[in-house]
Amino acid sequence: MRVETKRMLRRLLRNPSAVLGFSLLIFFTLVAIFAPLICPPQSYDPYMIPIVTWDKTPQPPSEGHPFGIIDGRDIFYGVIWGTRTAFKVGLTVTLTSTLVGLVIGSIAGYFGGWFDEVLMRITDVFLSIPYILAAIVMTAFLGMGLDKVMISLIIFGWMGTARLIRANILQAREEQYVLAAKALGVSDFLVITKHILPNTIFPVLIQATMRIGSLVITAAALSFLGLGAPVGYADWGALLNFARNWLLGASGEALKYWYAIAYPGTAMVLFVLAWNLVGDALRDAFDPRLRG
Amino acid sequence: MLTYVVRRLLLLPLILFGLSLIVFGMIQSLGPDRLLAAYVNPGVLDKLTPVQLEKIKQKYGLNDPMMIRYIKWLKNTLQGDLGWSLVGKQPVKDAILNRLPWTVELALYSIVPVVFVGVWLGVIAAVNRDKFLDHFVRIFAVVGWSFPDFVFGLIVLMVFYSILGWFPPGNLSLWADQVIKSPEFRRFTSIVTIDALLNGRFDVFVDALRHLVAPILTLSWLWWAYLLRITRSSMLEVLTKEYIRTARAKGLAERVVINKHARRNAMIPVVTVGGGMVIQLFAGTVIVEMVFNRTGMGSFTATAATQLDYASIMASTLFYSLILVIGNLVIDILYAVVDPRVRLG
Amino acid sequence: MEKSPVLSVKNLKTYFYTEDGIVKAVDGVDFDVYQGETLGIVGESGCGKSVTALSILRILDEKGRIVEGQVLLDAVDLTKIDEQEMRKIRGKDIAIIFQEPMVALNPVFTVGEQIVEAIMLHQKVDEKAARVMAIDLLRKVGIPEPEKRIDQYPHELSGGMRQRAMIAMALSCKPKVLIADEPTTALDVTIQAQIMELMKELQREYGMAIMLITHDLGLIAENADRVVVMYAGKVVEYADVKTLFNDPKHPYTWGLLHAIPRLDIEQTRLYNIPGVVPDPLHFPAGCKFHPRCEFKEERCTREEPELINVGENHTVRCFFWQKVDEAKMRKVGEFM
């Protein structure tokens, strides 16, 4: 295993896009961690972007407000703390939905038969519903708020993992070491957790990494539409919502509001790009054959 | 082949039935009082006496047990009574009928660039594997995939509208809007671009197109990148197959080997993915219509969600469910068409 | 009979340039194929026999390249002509059939479409005429109801029928040379016999030469006229079939023959050539076979033997082939 890991690391580091992805990720992590230092919070809820002026018109970047002001709020603050939001949403949802997927997929794959059939049909139905629509409808019913958004995303985000782990388990189930363990009388639960999962976990990890990107986009899209984070919350999508309103009304002059889109937009694109590159790189390193 | 299609078609009502149950269940979770707003124009609601309110509750069966309510709801829905839309300020049915053609137009037109560009580039990338072209196309695709559609849309809006003024947001310019609302304008399909041509109004056609370019660009942006990836990996896999070797051994020109033998096989997974993608295109209209301030099912749904217009949300959900089910059916049929091995199954 | 060969391979070297190094899959191979005759090429997996076939037709993977040598088809060197010329020869003068017909035939086209394509590519006939020819071909290779079968997809035919269809496709333009790369390995034993019968019949009728590539010595014994034994990319023995089986001179051939289980003598253990085929990236020094050879001496670990003549049309790549002779005498003595 050691040799394999070393070889993988080497492959990872040789790949320029992997290096880029990881660097970006590290950069964002640092920003998220040091957010309170970079932009000291000014109210009881650090995620609410402080209002710095009562003039609702967007203001271009200036001293003290390097990214500009929109809707009276400091964009820089929003982008920095928005990093935390992005991580929070991305990691929480991915972790939870992966866990849910693991459980469902494991049961379906391991026990097979009736369980498998039913669970797979349910998975198929859930899979065929477009993510964003499901999220919109769910949010309408659960109410607004970032946590409700996260719940909807989790409810509709586990299927990929479930399918993947199920396929792996179906394969692993027939492997000698599993049969041997069963013959020794090891309980099913232990067989799954100690023998099968460790060997099938890596593809799941890779898939989860690649999901974070699109997840963050969907969450941001929901904020952009006005569902999700409340007004003034430090969320890139919400910032872009402000931008849209001003852009639509400013025909011909919109260029002067470029900063309203540029900064939150760039942050988002780079964040998603980082996760996508890292996911790609992990996949390449794990099995170059899959690279295709 | 025919039996396959017929069998799939017969499943359709069953699936719709199941979906309607789910949708219904979701509505009922809201409770009878909140539901009232879904059926009656709130402006009128305030003025009703409790007796009248009771009568309405009776009509929509809001006090009855679940089964009866479901049947009543089903009856109403099938008769076209979907309730009142807050957002549209009109009955939901009318609200949808007014908006549906715009979305259909947008989604269907977007299929063209997605499919052609995605597949074409995917084949190129696969055939030129690891050479410059491949890397370039792949980077393009990765970046495309990382760009949220609404960010891209905003940039397009900014560049093409605010700076260049070529492609304005919305559906039509004011003058064109008045043309299509005038009595002389005959509605054949309700889809403006087609109707404009059929009415001989080329200027309206062009105007509608002008307003479509940016949204189509944005909507297809995400998906051609995805289709490209799928086409590329599918193509690469096919190129390693034995029958490609046989084709070359027969003496066929490389071009024929790629375009005839390889591509047909590579398209099989692409078709299935492509079908799912069309459904996603419809879903994507939600964002795109909002960004470009267009009328359509997408913006309707999004606005309804923010304003908690339950009747509209419900109806939209039904609509998208229908798209989903039909979409899946089409995928299955296409799959059988493209892969002969499936037909007998 | 001193006729000139239809196909002549001289010092063919095909290397693969991979990320992990250069793989010398074929490293100096010579043989001749005569009209109406069957040349058997035998060896274990990885010895380079398939790559030789692909080199002749120049349908190697991207990473493979013919670095040296000549492939003469009636005096034309196939390694030197351009791609367009080569395409005219593929499928027409030289045809090939592969091991697994299920994967060698395109699943999305009917059998008929694929045969017609081959016909129309090399002959000036229209589609209708080609279709008639295809049906005839299917009948000739022993497929019943060819008019029905021609419109079926590969997955609708049985394994044996698929291979017959492949043969039909390969023979559609009456090639001079038919290369059969493990043609029966994926088939049931009874079908195997039928297919080989078919090939022999067609050979008699068309007078074509067959290059039979296989690891199955039984097949060679029954069908080949001359045999090439390959190991680690080189020819280690080259003789006519009777001589090879009765009078082998290379330790590897000796080992292969020994490994065939026999019913007529008492065997307490099945013989097995010790060791495994070497990793092409790390060939041993000296003679490539020496690590597994029971007759090896010190010289074998340093020097690589050349091909030497040891009889009429019989060459061997070994320093100590006489030892094989001696061992044979001893063995014969045992049975007496």
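Keep in mind that this is a model prediction, so the values were computed, not measured.

Quick notes on the rules
Residues numbered from 1 in each chain as written. Chains lettered and ligands numbered in written order. Predicted model: local features only at pLDDT ≥ 70, side-chain atom pairs only at ≥ 80, totals over all residues. Helix = DSSP H or I, 4+ residues; strand = E, 2+ residues; numbered from the N terminus. Buried ≥ 20, exposed ≤ 12 C-beta atoms within 10 Å, placed from the backbone. Contact = placed C-beta atoms within 7 Å. Core = buried A, V, L, I, M, F, W, Y, C linked by C-beta atoms within 7 Å. Nonpolar A, V, L, I, M, F, W, Y, C, P; charged D, E, K, R; others polar. pLDDT = per-residue confidence, 0-100. Pairing = 2+ DSSP bridges. Axes fitted to C-alpha atoms, helices over the stretch in contact; angles between N-to-C directions. Parallel < 35°, antiparallel > 145°, perpendicular 65-115°, else oblique. Left-handed = near helix turned anticlockwise from the far one by under 90°.

A. Broad picture of the overall build of chain A. Within chain A, the secondary structure is distributed over 12 helices and 2 strands. Walking chain A from its N terminus toward its C terminus, one meets helices and strands in the order α-α-α-β-β-α-α-α-α-α-α-α-α-α. Across the 292 residues in chain A, those meeting the buried criterion constitute 46%. The contacts of chain A with a sequence gap of at least 6 include a subset with a gap of at least 24, amounting to 70%.

B. Quick peek at the nonpolar core. Counting residues in each nonpolar core, the largest one holds 246 residues, and the members touching the most others are Val 216 and Ala 243 of chain A, Leu 154 of chain B together with Val 177 and Met 211 of chain C. Leaving out residues up to four positions away in the same chain, Leu 154 of chain B has contacts with Leu 240, Ala 243, Arg 244, Leu 247, Ile 261 and Gly 265 of chain A together with Val 291 of chain B. Listed in part, the 15 residues of the second largest apolar core include Ala 162, Ala 172, Val 191 and Val 204 of chain A.

C. Quick peek at the environment of Gly 275 of chain C. Residue and element names in this part refer to chain C. Within the element layout of this structure, Gly 275 appears in the loop between helix 11 (251-259) and strand 11 (308-311). According to the C-beta neighbour criterion, Gly 275 is exposed, with 11 such atoms within 10 Å. Between the alpha carbons of Gly 275 and Arg 292 there is a distance of 5.6 Å; along the sequence they are 17 residues apart. If we ignore the near neighbours within four places in the chain, the residues touching Gly 275 are Pro 291 and Arg 292.

D. Local environment of the interface of chain A and chain B. Listed per partner, the contact involves 38 residues of chain A and 39 residues of chain B. Of all the elements in the fold, those that place two or more residues in the side of chain A that touches chain B are helix 6 (131-142), helix 10 (188-225), helix 11 (236-248) and helix 12 (258-286) of chain A. If one sorts the elements of the side of chain A that touches chain B by residue count, helix 12 of chain A sits on top with 8 residues. Class assignment for the residues of the side of chain A that touches chain B results in 27 nonpolar, 9 polar and 2 charged.

E. Structural view of the arrangement of the chains. Interchain contacts are distributed over 2 pairs of chains, and the most extensive set of them lies between chains A and B. Between chain A and chain C there is no contact, and the shortest C-alpha to C-alpha separation is 12 Å.

F. View of the environment of Gly 90 of chain A. Residues and elements named next belong to chain A. Mapped onto the secondary structure, Gly 90 falls in helix 4 (residues 75-111). Residue class for Gly 90 comes out buried when judged on the 23 C-beta atoms lying within 10 Å of it. Between the alpha carbons of Gly 90 and Leu 215 there is a distance of 6.4 Å; along the sequence they are 125 residues apart.

G. Structural context of the confidence of the model for chain C. Taken residue by residue, chain C gives an average pLDDT of 87. The fraction at 70 or more is 98%. Interface confidence for the predicted complex, given as ipTM, is 0.79, next to a pTM of 0.70.

H. Geometry of the interface of chain C and chain B. Residue-level contacts link 21 residues of chain C with 17 residues of chain B. Elements represented by at least two residues in the side of chain C that touches chain B include exactly helix 2 (83-89), helix 3 (101-104) and helix 4 (111-122) of chain C. For the side of chain C that touches chain B, the per-class residue count stands at 12 nonpolar, 4 polar and 5 charged.

I. Fine view of the sheet that holds strand 8 (residues 209-214) of chain C. Residues and elements named next belong to chain C. Sheet architecture is open: 8 strands sit in the order 6-7-8-3-9-10-12-11, paired in mixed fashion. Of all the strands in the sheet, just strand 6 (94-97) and strand 11 have a single pairing partner and so form its edges. Strand-to-strand twist of the sheet, defined as the mean angle between neighbouring strand axes without regard to direction, takes the value 20°. Both strand 11 and strand 12 (residues 314-316) contribute to a ladder of 3 bridges, which runs antiparallel. Along strand 12, the bridge assignment pairs Ile 308 with Val 316.

J. A look at the pairing of strand 4 (residues 64-73) of chain C. Residue and element names in this part refer to chain C. Pairing of strand 1 (residues 7-18) with strand 4 involves 8 bridges; the strand directions are antiparallel. Bridged to Tyr 15 within strand 4 is Arg 65. Where strand 4 and strand 5 (residues 76-77) come together, 2 bridges link them in antiparallel fashion. Note on strand 5: the bridge partner recorded for Leu 73 is Val 76. Hairpin remark: strand 4 followed by strand 5, antiparallel, with 2 residues in the connecting loop; positive phi at Asp 74, about 50°.

K. Structural view of the packing of helix 7 (residues 132-146) of chain B against helix 11 (residues 202-239) of chain B. All names here are of chain B. Orientation of helix 7 relative to helix 11, taken along the N-to-C sense of each, is 135°, at an axis distance of 8 Å. Relative to helix 11, helix 7 is oriented oblique. Once helix 7 is placed against helix 11, the crossing between them reads as left-handed. Listed contacts from helix 11 to Val 137, Ala 141, Gly 144 and Trp 145 of helix 7 are Trp 221, Leu 222, Ala 225, Tyr 226, Leu 228 and Arg 229. Grouping the amino acids of the contact of helix 7 with helix 11 by side-chain chemistry returns 8 nonpolar, 1 polar and 1 charged.

L. Here's a closer look at the packing of helix 6 (residues 92-127) of chain B against helix 15 (residues 310-338) of chain B. All names here are of chain B. Their axes nearest at 10 Å, the elements helix 6 and helix 15 cross at an angle of 50°. Between helix 6 and helix 15, the interaxial angle falls into the category oblique. The crossing of helix 6 and helix 15 is right-handed. Packed against helix 6, whose contacting residues are Val 92, Ala 95 and Ile 96, the element helix 15 presents Ala 311, Ser 312, Ala 315 and Phe 319 at the interface. Along the lines of polarity and charge, the residues of the contact of helix 6 with helix 15 split into 6 nonpolar, 1 polar and no charged.

M. Examining the sheet that holds strand 2 (residues 21-33) of chain C more closely. If you trace the 4 strands from one edge of the open sheet to the other, you get 2-1-4-5 (chain C), paired in antiparallel fashion. The sheet terminates laterally at strand 2 and strand 5 of chain C, the two strands that pair on one side only.

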